[in-house]
Amino acid sequence: MVKYAGPDDVTGVAGTGQPAGQRFSVRRMARLLQVSKSGYYAYVKRRAATVLTDRQQRHADLETKIATVHRESHGTYGSPRITGELRDQGERSPHCRSNYATR
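Residues numbered from 1 in each chain as written. Predicted model: local features only at pLDDT ≥ 70, side-chain atom pairs only at ≥ 80, totals over all residues. Heavy atoms only, no water.

Student: So, the overall build of the protein chain: which residues are in play, and what are the values?
Tutor: A tally of regular secondary structure across the protein chain gives 5 helices and 0 strands. Ordered by position from N to C terminus, the α and β elements of the protein chain give α-α-α-α-α. The 103 residues of the protein chain split such that 19% are buried. For the protein chain, contacts bridging at least 24 residues in sequence account for 51% of all contacts bridging at least 6. Carbon and sulfur atoms make up 51% of the accessible area of the protein chain, which totals about 8,100 Å². (Helix = DSSP H or I, 4+ residues; strand = E, 2+ residues; numbered from the N terminus. Buried < 20%, exposed > 50% of the residue type's maximum accessible area, 1.4 Å probe, protein only. Contact = heavy atoms within 4.5 Å. Areas by Shrake-Rupley, 256 points an atom, 1.4 Å probe, with all protein chains shown as cover.)

Take a look at the structure:
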């Protein structure tokens, strides 16, 4: 299963965690860097929004499995064989998904 960053993994993003030593205020740093505070917070919010929905997670996992089967076949398997291989492994995969991912 592919691992994606969740809200708990944001501590290292753009000063959202507690750094060792002195902590600077966002207001002061924004002024020194000549950026807006709202722009900084919008950036942090965008970076924290890396949590995938269940559908997106399944799609990413399926693409990883398709790429693995394709790579293990040394690029010789097309979408019908990849679909069959995934079904043999117990994975439900539509034929069009394999076709799209091997391009």
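Structure's up, so let's keep going.
Student: Outline the pattern of salt bridges, listing residues and values.
Tutor: Evaluation of the coordinates by the stated rule reveals 2 salt bridges. The closest approach of N and O atoms between glutamate 91 and arginine 58, which form a salt bridge, is 2.6 Å. Of this pair, glutamate 91 sits in the loop between α4 (79-88) and α5 (95-101) while arginine 58 sits in helix α3 (residues 54-72), and the two are 33 residues apart along the sequence. Judged by relative accessible area, which is 12%, glutamate 91 ranks as buried. On the basis of relative accessible area, arginine 58 is assigned to the partly exposed category, the value being 41%. Look at the salt bridges and you will find they share partners, linking Arg58, Lys65 and Glu91 into a network. (Salt bridge = Lys/Arg side-chain N within 4 Å of Asp/Glu carboxyl O.)

Student: Account for the packing of α3 against α4, naming residues and giving values.
Tutor: Following both chains from N to C, one finds α3 and α4 inclined at 115°, their axes separated by 10 Å at the closest point. Between α3 and α4, the angle falls in the class roughly perpendicular. As for how α3 packs across α4, the hand of that crossing is right-handed. Listed contacts from α4 to Leu62, Lys65, Ile66, Val69 and His70 of α3 are Ile82, Glu85 and Leu86. Residues belonging to the contact of α3 with α4 are distributed by class as follows: 5 nonpolar, 1 polar and 2 charged. (Axes fitted to C-alpha atoms, helices over the stretch in contact; angles between N-to-C directions. Parallel < 35°, antiparallel > 145°, perpendicular 65-115°, else oblique. Left-handed = near helix turned anticlockwise from the far one by under 90°. Nonpolar A, V, L, I, M, F, W, Y, C, P; charged D, E, K, R; others polar.)

Student: Summarise the side chain of serine 73; cite the residues concerned and give the values.
Tutor: Relative to the elements of secondary structure, serine 73 occurs in the loop between α3 and α4. Accessibility expressed as a relative area gives 9% for serine 73, which makes it buried.

Student: Break down the packing of aromatic side chains for me, with residues and values.
Tutor: All chains considered together, the criterion is met by 1 aromatic pair. Seen in terms of ring centroids, tyrosine 40 and tyrosine 41 are 5.1 Å apart; in terms of plane orientation they differ by 70°. Their pairing is edge-to-face. Residue classification places tyrosine 40 among the partly exposed residues on the basis of a relative accessible area of 22%. (Phe/Tyr/Trp six-rings, centres within 6.5 Å; stacked < 30°, edge-to-face > 60°.)

Read these as spatial facts, not as claims about activity.
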